[in-house]
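Fold and geometry: a report
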Amino acid sequence: ELESQGGWTNRSILDWFEAYVKVCVNAFSNKVKHWMVLNEPMVFTGAGYFLGVHAPGKKGFKNFIPAMHHAALCQAIGYRAIKAIDPTAEVGTTFSCSYITPYSNSAKDFKAAERVDALLNRVFIEASLGMGYPTDDLPFLRKVAKHQLAGDKELMQVNFDFIGIQNYTREVVAHCIFTPYINAKLIPADRRKVFYTAMNWEVYPEAIFEMIRKFSKYEGVKKILITENGASFPDQIEEGKVADEHRIHYLNAYLEQALLAKSLYPKLDGYFVWSLTDNFEWAEGYKQRFGLIHIDYATQKRTIKNSGWWYKDFLTEK
C-alpha cells in the first residue's frame, strides 16, 4: 500500500518509517538492545529504484534520487526514534560496500572507479556524518536539490554508536560512454578469468581489509562491525555431508584480512558470517546458498556443512 503511494520516492516515507520504528522498538526493546536502522540502503534504492532488478522494480534517476535522499534521512530519523524510547540501546546502520579498482592504468578508468566508489561506498556514510553528498565526484547528485528542504543536511547527520559494513568482493571498473551520468561499467569476474563464487563475485580477500581501512578513516565513525561476509557455492549433500571446501578457504582468507585490519584499525569490533543457514536471497530466490548450514527446502532438513564445523572450531580455538 505504501509503494502504491510512491514508496521511498514519497517524502511521507519519513513519517511512515518513524512510525514503523516506534512500533518495533516499543514491542521489543525489553529484549532487543542492538539495532541496525537500515540494511544496505544503496542496494534497495539503487537496485530497486534505479536499475529495477529488485523490488519494486522502478528505474531511472527520477526514482533513485528521491529514494536515496529519503533513505539517508530515514537512517537518522530511525536512530533518534530508537534512542528516544531506549537511550541505552546500541544503534547503528549497515552499508553494503565493495572495494573498487580500475580495469586499466588509464586515467579514464581511474576516474570511472572514483565515481563508482563515490556512489557505492560514500553516499550514505558521508550523509550521516554531516559531509553531504559527494557531488564533486558525482555531479548528477546535485539533482537532489529538487527534493531537499531547508535543514535536511543537518537532519541527515547522526552520531551512530556503530556502523556495519557488508563486504563480499571487489569490483573492477572501466570507463564507458554508454552509461549515463556515471560513465562507468563493471567488468564481471568471469570475464576477468579470476576465481569467483556462484554469484559471479570475485574471491578477493584484500577487499575486506580495504573497506575496513576506508571506513575507519572517517573521524565520525566510532565502531565498525562486519555485519555480512560470506560466499555462495553450489553445495551438494553427499553421504550426509556438504564438503564446501571453497567456502572454508574463503572465510579463512577474509578473516585473516579482517584480523590484520583490526591490528591497524582498532575501530573494528565484530564480525558476522553471512549466513548461518541457506536462505532466500533478494532477486536470486533460493538458488544461491550462502549458509554454514544446508537446508533441503523440500523436507526442511538441516545439515551442518563442513564450513560450519570449521567455523565452530575457529571460534573455540584458544
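Here the structure is shown first, and the text comes after it.
In short, a report on the structure. Bear in mind the structure is a predicted one, so any value in this text is a computation, not a measurement. (Residues numbered from 1 in each chain as written. Predicted model: local features only at pLDDT ≥ 70, side-chain atom pairs only at ≥ 80, totals over all residues. Heavy atoms only, no water.)

1. Points about the packing of aromatic side chains
Each aromatic ring pair is described using two quantities: the centre-to-centre distance and the angle formed by the ring planes. For the record, the criterion: Pairing of aromatic rings covers Phe, Tyr and the six-membered ring of Trp, with a centre-to-centre limit of 6.5 Å; geometry is then stacked below 30 degrees between planes, edge-to-face above 60, and tilted otherwise. Helix numbers and strand numbers start at the N terminus; a helix is a DSSP run of H or I with at least 4 residues, a strand a run of E with at least 2.
Counted under the stated rule, the structure contains 24 aromatic pairs. The interplanar angle of 25 degrees and the centroid separation of 6.4 Å between the aromatic rings of F195 and F233 together place this pair among those described as stacked. You can see F195 sitting in the loop between β6 (184–186) and α6 (206–216) and its partner F233 sitting in the loop between β7 (224–228) and α7 (245–264), a full 38 residues away along the chain. Among the aromatic residues, ring-to-ring pairing joins F50, F61, F64, F140 and Y181 into one connected group.

2. Quick notes on helix α4 (residues 107–128)
To be explicit about the condition: Multiplying one less than the number of residues by 1.5 Å gives the expected span of a helix. The angle separating two fitted axes, one through the seven residues that finish at a residue and one through the seven that start at it, defines the bend at that residue. Only protein chains enter the accessibility calculation, which uses a 1.4 Å probe; a residue whose area is less than 20% of its type maximum is buried, one above 50% is exposed, and one in between is partly exposed.
Over its 22 residues, α4 runs 30 Å from end to end, which matches the ideal 32 Å to within 8%, given 1.5 Å per residue. A bend of about 60 degrees at R122 is the largest found in α4. Most of α4 is tucked away, with 16 of its 22 residues classed as buried. Where α4 terminates, the next one or two residues include G130, which has phi positive at roughly 80 degrees.

3. A few points about the side chain of N121
Stated precisely, the cut-off is as follows: Counted as a polar contact is a pair of N or O atoms within 3.5 Å, where, for protein atoms, one must be capable of donating a hydrogen and the other of accepting one, and residues adjacent in sequence contribute only when both atoms are in side chains. Contacts were defined at the residue level, with two residues in contact if any of their heavy atoms lie within 4.5 Å.
Counting through the fold element by element, N121 comes out in helix α4. A polar side-chain atom of N121 sits 2.8 Å from the main-chain carbonyl oxygen of S98. The residues contacting N121, other than those within four sequence positions of it, are S96, C97, S98, I100, V116, M211, K214 and F215.

Coordinates in, geometry out; function isn't part of it.
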